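Take a look at the letters that make up each chain.
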Amino acid sequence: MKKAKTSQKNTQINDALKQSFAKLSPKAQVKNPVMLVVYIGAILTTAMYICSLAGIKDESPAYTLVIALILWFTALFANFAEAIAESRGRAQANSLRGARKDVKAKKLKSAADAGNYTEVLSSALKKDDLVYVAAGEQIPMDGEVVEGAASVDESAITGESAPVIRESGGDRSAVTGGTVLVSDWLIIRITAEAGESFLDKMIAMVEGASRKKTPNEIALQILLVTLTIIFLVVTATLLPFTAFSSRLAGSGAAISVTNIVALLVCLAPTTIGALLSSIGIAGMSRLNRANVLAMSGRAIEAAGDVDVLLLDKTGTITLGNRQASEFIPVTGVSEEDLADAAQLSSIADETAEGRSIAVLAKQRFGIRGRDMENLNARFIEFTAKTRMSGIDYTSVHDGEQRVNEIRKGAADAVKNYVLQKGGLYPDECDAAVRRVAGLGGTPLVVEKNDRVLGVIYLKDIVKNGVKERFEDLRKMGIRTVMITGDNPMTAAAIAAEAGVDDFLAEATPEGKLTLIRDYQAKGHLVAMTGDGTNDAPALAQADVAVAMNSGTQAAKEAGNMVDLDSSPTKLIDIVRIGKQLLMTRGALTTFSVTNDVAKYFAIIPVLFFGIFPQLAALNFMRLGSAKSAILSAIIYNALIIVALIPLALRGVKYRELPAGKMLSRNLTVYGLGGLVSPFIAIKAIDLILTLCGVK
Amino acid sequence: MSFIILQDAFFIAVLAALSVPLGLYIYKVMDGRRVFLSRVLAPVEKAVYRVCSVRPGEEMRPRKYALSVVAFSAAGFLFLFLLQLLQGFLPLNPEGLKSVSWHLAFNTAASFVSNTNWQAYAGESTMTYLTQALGLTVQNFVSAATGIAVLFVLIRGFAMKQAETVGSFWADLTRVTLYVLIPLSIVSSVLLISQGVVQTLSPYHAAASLQDGARLTVPLGPAASQIAIKQLGTNGGGFFGANSAFPLENPTPFSNFIETLSLLIIPAALCVTFGKAVKDGRQGRSVYAVMLILFIASLIVITVSERFLAPHFGSVAAFGNMEGKEVMNGVGASSLWGASTTAASNGAVNATPDSFTPLGGMVMMFLMQLGEIVFGGVGSGLYGMIAFVMLTVFIAGLMVGRTPEYLGKKIEPFDMKMVCLLILAPPLLTLIGAAAAALMPGAQNWLNNTGAHGFSEILYAFTSMANNNGSAFAGFDANTAFTNITGGVVMLLVRFIPILATIFLAGNLARKKTVAAGEGTLSTSNATFVGLLLGVILIIGALSFLPSLALGPIADFLTH
């Protein structure tokens, strides 16, 4: 396994090396204005080397050649940085392409007659065609399940090997082309044609083929071009300036064009210029590795800006399942009786909540399973209408057979049920219900034969560590808002326990939409996760909208990212990746610009030495000679690109800190570091060059 | 030395104290509110609108505002150009001065319309009273008012949300002139006249020299009124050739104090206006702090250099480098003026910059080369500084993991383009202008000096023109067709490229929504940011000019 990984890495590097040369074509170079300057400089110095062989020269041929070579390497290093970032995506795309092979699809005339089909190639399928897929077959194209339910292996896309259920109607009806049916059968209505499928989009995204520069990248590019223009003029005007000064001073000569080109290249922001696109690609690929697919690079940047997170309570803030934690009997009923009735009514209840009631009853009173045969039990399932479940059974009292019924369910439902049947609903029970709700729990009222026994306290378990997580987010200025269908009282209690900033109780799709609009009107950027079709409007409104892969087609289309894992906590990771991407850009820009200070101190004193020997006083780096100083600076300039590739790919270290602290930290590392490190490195290179005999 | 320190500290304290009420007053003027002068001036304002048939409430889109600025300036340029060409035939010419050569007229018109006031001539022997009063003085007012109006547009861009318009240029121009520049000028003129600055239309006065009875001509004219606005409006064009080193332009220590204070008072006050208008005084304060820090640091270096780093003057003068300085002012007041006039894009002088020590001269040059943003020109200094703030925010904002925003406005590609134009124009034009001059075959003959100091003279001249400062190093023969034309073009470009960039930047900002600030937002008003902004300004300045400074003043300094 390890070997396979290394060899994969090797092919990636080989691939990237080949690409670095391919990218030397003018067409590729024009896309990056800063590196274009290096490219032109390399061509120019190469031409000057050739001229110098013919005797037309301003520096010795060997020196010009060395400068030209270093410039070519600088250009190659930049290409390599981009290629290596792309190669990861390309590897992923290749494996995805494997899933996109053409298969024979069974095209149906109508959904009613599954037996009557014609075989066509999946690429020939049109929108709204109906196809039949049986177990073991591959789903030919993206679609929506019209009929049937089946388990589907989606590992080709998500990497998750456990199959998932896909069925008609509801929020689990979307299927993706390239995935495989494990059991049963489905009739699918095709929703995408060849070339536009989810898999096609995914391949294009990971490969970076459809990668467009994001607005922030363009703005940064403008800044870099501006700096380059300044340096172009600064270095170009040195030619007349030094010519004029040498005439005025009566000594020295104008500096050579070779040196001007070298000076320009080492002053231009080549470090960030070379790494800019790889930072963007690497950010995208970090997101892919988190199993999130962004529909545009813009969405990742927006994620960095997000300052309000709408989080679904269930699964994100609380564990998915509520657990019974207490039996609260009314006066005249013992706790054990209540537990007994509760357990009896929950035996057949396979939900996690039902099971947790049985578990609690066993823990507290040792009540175990019983002989159902003798009880003639009939279970009443929970429905959305009755909002109750329970059991009818017979028991023998004083030799007489009696039919008993137990119901448990939402307080108001049970209350109505009891009152309707002429029973009493004690105030005491109301009080207990309110108390449980106030604690953030869900109260279930239990009645037996029209008599209220008491309340089961179902507790929502807040996940470990979320409170600290939200605390961190708050420090970064991100507000968390909990979305829940619970009533406001319950919601408030959980919100307090989890430490979210705000909550939306009894949430409806319209409620979510309004909430998002309100935040946006106040100038906030909102991120949310959603899966159902009814989430689509809110997803479309949110600035960063993550649709779950398990969700409906409508949700996926409304969102600007798809989470292949369908994990509700993913949003927090996405924000982190977005911020890290922007921080890496800022840090490397700062580093690149502050580097120039040292380069100036290295080069300028020795450059004008011939005209004004007194300037040697500024040469406190004590560099060997003008040649070795310039060579050291441009060698440093080329090597620093390679040295920073890992940082560009990995992203700068990220911590959840307030903006002020984060700025000071990054300024110290990349600003101060950028100021100091080239002094040391250039001096070291100069020492080596001087030792090698460069004068 | 302790007197110099006291004098500087007193100056800065007075400046800081006066800038706050003036800044708040200017805010009211900008917003069109009533001020205490409204009782007198509101009817005048109405009359101006009626005569010019201007609708003061008109809301202009950025394009229309920009067009108005350009059209107004072009008209002013043409008028001033023709006035100089025809002055020989026009009245108010008691000395019978001739018309000006076409290239000098072009240069002077460009210079005054662009608020540079570079003077390739001596006023008393070139310009008639009519040209001075109707041409130059008028431009002193309106070019200053134009700069402030453009700043107002930018401030509105930050303050407004999802708006399409940015105010009315005609109303801004009128209100700034009427409520700010004219009243301040009147106060200043009266103070100056009380000190003995001349204000007359009578011909030049003939007198006999005290020394040997030789006949002298004492130039006169309506000077005080022009000097007041020349200082206040960061214009700097002296009434007389020797500018404020001439006794009739700057006769007493008090007049010198008033004139120095007027150099900086409006640019300083505008920082306060800015903070008030964006409803966050701290934002104005941090920008003000950056300007003050750079100013004080420069002042210290210049003063120390003039006082102590002129060893070859040690045996001549007891108090440092007195060459080219007025004895009344001495090293202290000359250094203070030198720092102020180059910090503000004023360019008036009370001593000869050419005779400053190499380091002193270099700091003055560097203050200009920063793009005239340390106080800078009225209005233009602050919008230039805001461009640097936005640049800093852009880099720093990324480092905290958000796409950058300033005062709630996201900085996007178009904004960045405009910001870069604002920052790019001055250094590029400085370097290209100086390089063009260095390439001219006869360039050596224009200079007073040879060696590094000679190069400094050329560099200083184009630094001054390409930053709309206008001060002259002296020693550089400015009145040639080449320098007049290149200089004129450079001054116009460096004035109007940033003006257009600012207006369109403002228009784009005004259209945006405002993003709410939170813990994750980069603070643009704390000490870290002030330090960072200082760093960015100094690094950009140093990266642009270190090589040419090394060939000029740095080599000069190391040679002596």
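(A) Quick look at the overall build of chain B. What chain B contains, in helices and strands, is 17 helices and 4 strands. Compactness check: chain B gives a C-alpha radius of gyration of 23 Å against a globular reference of 24 Å for 560 residues, within 12% of the reference. Counting over 560 residues, chain B shows a buried share of 66%. Within chain B, contacts between residues separated by at least 24 positions form 78% of all contacts whose residues are at least 6 apart in sequence. Accessible surface for chain B amounts to roughly 18900 Å². Of this, 68% is attributable to carbon and sulfur atoms. Computed over 30 positive and 25 negative side-chain charges, the inter-centroid distance for chain B is 16 Å.

(B) Region of the structure containing the interface of chain A and chain B. In this assembly, 63 residues from chain A lie in contact with 58 residues from chain B. Together chain A and chain B conceal approximately 5200 Å² of surface at their shared face, both sides included; 78% is due to carbon and sulfur atoms. When residues of chain A are sorted by the area they lose upon contact with chain B, Phe 241, Phe 244 and Leu 248 of chain A head the list and together hold 13% of the total. Taken together, the connections running from chain A to chain B amount to 1 salt bridge. Lys 410 of chain B is paired through a salt bridge with Asp 305 of chain A; the nearest N and O atoms lie 3.3 Å apart. Applying the counting rule to chain A against chain B returns 10 residue pairs in polar contact (both at pLDDT 80 or more). Of all the secondary structure elements, the ones that give two or more residues to the side of chain A that touches chain B are α7 (215-249), α10 (297-305), α17 (466-475), α22 (570-607) and α24 (659-691) of chain A. At 24 residues, the largest contribution of residues to the side of chain A that touches chain B is made by α7 of chain A.

(C) Spotlight on a nonpolar patch on the surface. A contiguous nonpolar surface patch, about 670 Å² in accessible area, is contributed by Met 1, Ile 5, Ile 296, Ile 300, Val 304, Phe 308, Leu 309 and Phe 557 of chain B. Considering each element in turn, the nonpolar patch owes the most residues, 4 residues, to helix α10 (residues 281-308) of chain B.

(D) Structural view of a positive patch on the surface. All names here are of chain B. A cluster of basic side chains, namely Lys 28, Lys 161, Lys 276 and Lys 279, defines a positive patch on the protein surface. Mapped onto the elements of the fold, Lys 28 is located in helix α1 (residues 2-31). The exposure class of Lys 28 is partly exposed, given its relative accessible area of 38%.

(E) Inspection of the pairing of strand β9 (residues 185-190) of chain A at higher detail. Residues and elements named next belong to chain A. Sheet topology note: the strand β3 (residues 130-134)/β9 ladder contains 5 bridges and is antiparallel. Its bridge partner being in β9, Val 133 is matched across the sheet by Leu 186. Bridge analysis of strand β4 (residues 143-147) against β9 gives 4 bridges, and the strand direction is antiparallel. Looking at the pairing, Glu 144 lines up with Arg 189 of β9.

(F) Up close: the side chain of Glu 86 of chain A. Residues and elements named next belong to chain A. With respect to the element layout, Glu 86 can be found in helix α4 (residues 61-99). According to the relative accessible area criterion, Glu 86 is buried, its value standing at 17%. When near neighbours in sequence (up to four residues on either side) are disregarded, Glu 86 contacts Lys 23 and Ile 281.

(G) Representation of the packing of aromatic side chains. All names here are of chain B. Counted by the stated rule, this structure contains 23 aromatic pairs over all chains. Aromatic pair Phe 77 and Phe 106: ring centres 5.9 Å apart, planes at 80°, arrangement edge-to-face. A residue pair is termed long-range when its members are at least 10 positions apart, and Phe 77 in helix α3 (residues 62-86) and Phe 106 in helix α4 (residues 102-113) qualify at 29 residues. According to the relative accessible area criterion, Phe 77 is buried, its value standing at 17%. Measuring from centroid to centroid gives 5.1 Å for Phe 239 and Phe 240, while their planes differ by 75°, and the two rings are edge-to-face.

(H) Examining the sheet that holds strand β6 (residues 164-167) of chain A more closely. All names here are of chain A. Spatial ordering of the open sheet is given by β6-β5-β8, a layout of 3 strands whose pairing is antiparallel. Among the strands making up the open sheet, the edge pair consists of β6 and β8 (180-181). Alignment of strand β5 (residues 149-153) against β8, held across 2 bridges, turns out to be antiparallel. Residue pairing in the sheet places Asp 153 in a bridge with Val 180 of β8.

(I) Local environment of the sheet that holds strand β21 (residues 544-548) of chain A. Residue and element names in this part refer to chain A. One open sheet holds the 7 strands; their spatial order is β10-β22-β21-β20-β11-β18-β19, and the pairing between them is mixed. Two strands bound the open sheet, and with one partner strand each, they are β10 (292-294) and β19 (502-504). Adjacent strand axes in the sheet meet at a mean angle of 20°, parallel and antiparallel pairs treated alike. The pairing of strand β18 (residues 479-483) with β19 spans 3 bridges and is parallel. Opposite Val 481, over in β19, you have Asp 502 as the bridge partner. Contacting β10, β11 (308-312), β20 (526-530), β21 and β22 (561-563), α22 runs over the sheet at an angle of about 155° to β11.

(J) Structural context of the packing of α22 of chain A against helix α13 (residues 380-399) of chain B. Axis separation between α22 of chain A and α13 of chain B bottoms out at 6 Å; the angle between their running directions is 130°. Classified by the angle between their axes, α22 of chain A and α13 of chain B sit oblique to one another. Between α22 of chain A and α13 of chain B lies a crossing of left-handed hand. On α13 of chain B, the residues touching Leu 582, Met 583, Arg 585, Gly 586, Ala 587 and Thr 590 of chain A of α22 of chain A are Ile 395, Leu 398 and Met 399 of chain B. Taken together, the residues of the contact of α22 of chain A with α13 of chain B sort by class into 6 nonpolar, 2 polar and 1 charged.

(K) The packing of α7 of chain A against helix α15 (residues 451-465) of chain B, seen in detail. Put simply, α7 of chain A and α15 of chain B touch, their axes get as near as 8 Å, and they point 135° apart. Considering their axes alone, α7 of chain A and α15 of chain B lie oblique with respect to each other. Classified by chirality, the crossing of α15 of chain B by α7 of chain A is right-handed. Residues Phe 241, Phe 244, Ser 245, Leu 248 and Ala 249 of chain A of α7 of chain A lie in contact with α15 of chain B, whose contacting residues are Gly 451, Gly 454, Phe 455 and Ile 458 of chain B. Here the contact of α7 of chain A with α15 of chain B is built from residues that sort into 6 nonpolar, 3 polar and no charged.

(L) Inspection of α17 of chain A at higher detail. Residue and element names in this part refer to chain A. Listing the buried residues of α17 in full gives Val 466, Phe 470 and Leu 473. Looking down the long axis of α17, one finds its buried residues gathered within 55° of arc, a one-sided arrangement. Check the buried side of α17 and you find it contacts β11, α11 (313-317), β17 (451-462), β18, α18 (488-498) and α22. Directly beyond the C-terminal end of α17, a positive phi value near 85° is found at Gly 477.

(M) View of the side chain of Thr 260 of chain B. Residues and elements named next belong to chain B. With respect to the helices and strands, the residue Thr 260 is situated in helix α9 (residues 253-277). On the accessibility criterion, Thr 260 (2% relative accessible area) is buried. Not counting the four nearest positions on each side in its chain, Thr 260 is found in contact with Phe 11, Gln 231, Leu 336, Trp 337 and Ser 340.

Reading the values: rules and limits
Residues numbered from 1 in each chain as written. Chains lettered and ligands numbered in written order. Predicted model: local features only at pLDDT ≥ 70, side-chain atom pairs only at ≥ 80, totals over all residues. Heavy atoms only, no water. Helix = DSSP H or I, 4+ residues; strand = E, 2+ residues; numbered from the N terminus. Rg over C-alpha atoms; globule rule 2.2 N^0.38 Å. Buried < 20%, exposed > 50% of the residue type's maximum accessible area, 1.4 Å probe, protein only. Contact = heavy atoms within 4.5 Å. Areas by Shrake-Rupley, 256 points an atom, 1.4 Å probe, with all protein chains shown as cover. Lys, Arg positive; Asp, Glu negative; His and termini not counted. Charge placed at Lys NZ, Arg CZ, Asp CG, Glu CD. Buried area = accessible area lost by both parts, 1.4 Å probe. Salt bridge = Lys/Arg side-chain N within 4 Å of Asp/Glu carboxyl O. Polar contact = N/O pair within 3.5 Å; in protein donor to acceptor, adjacent residues only side chain to side chain. Patch = residues over 30% accessible without salt bridge, like charges linked within 9 Å, V, L, I, M, F, W, Y side chains within 5 Å. Pairing = 2+ DSSP bridges. Phe/Tyr/Trp six-rings, centres within 6.5 Å; stacked < 30°, edge-to-face > 60°. Axes fitted to C-alpha atoms, helices over the stretch in contact; angles between N-to-C directions. Parallel < 35°, antiparallel > 145°, perpendicular 65-115°, else oblique. Left-handed = near helix turned anticlockwise from the far one by under 90°. Nonpolar A, V, L, I, M, F, W, Y, C, P; charged D, E, K, R; others polar. Arc of directions from axis to C-beta.

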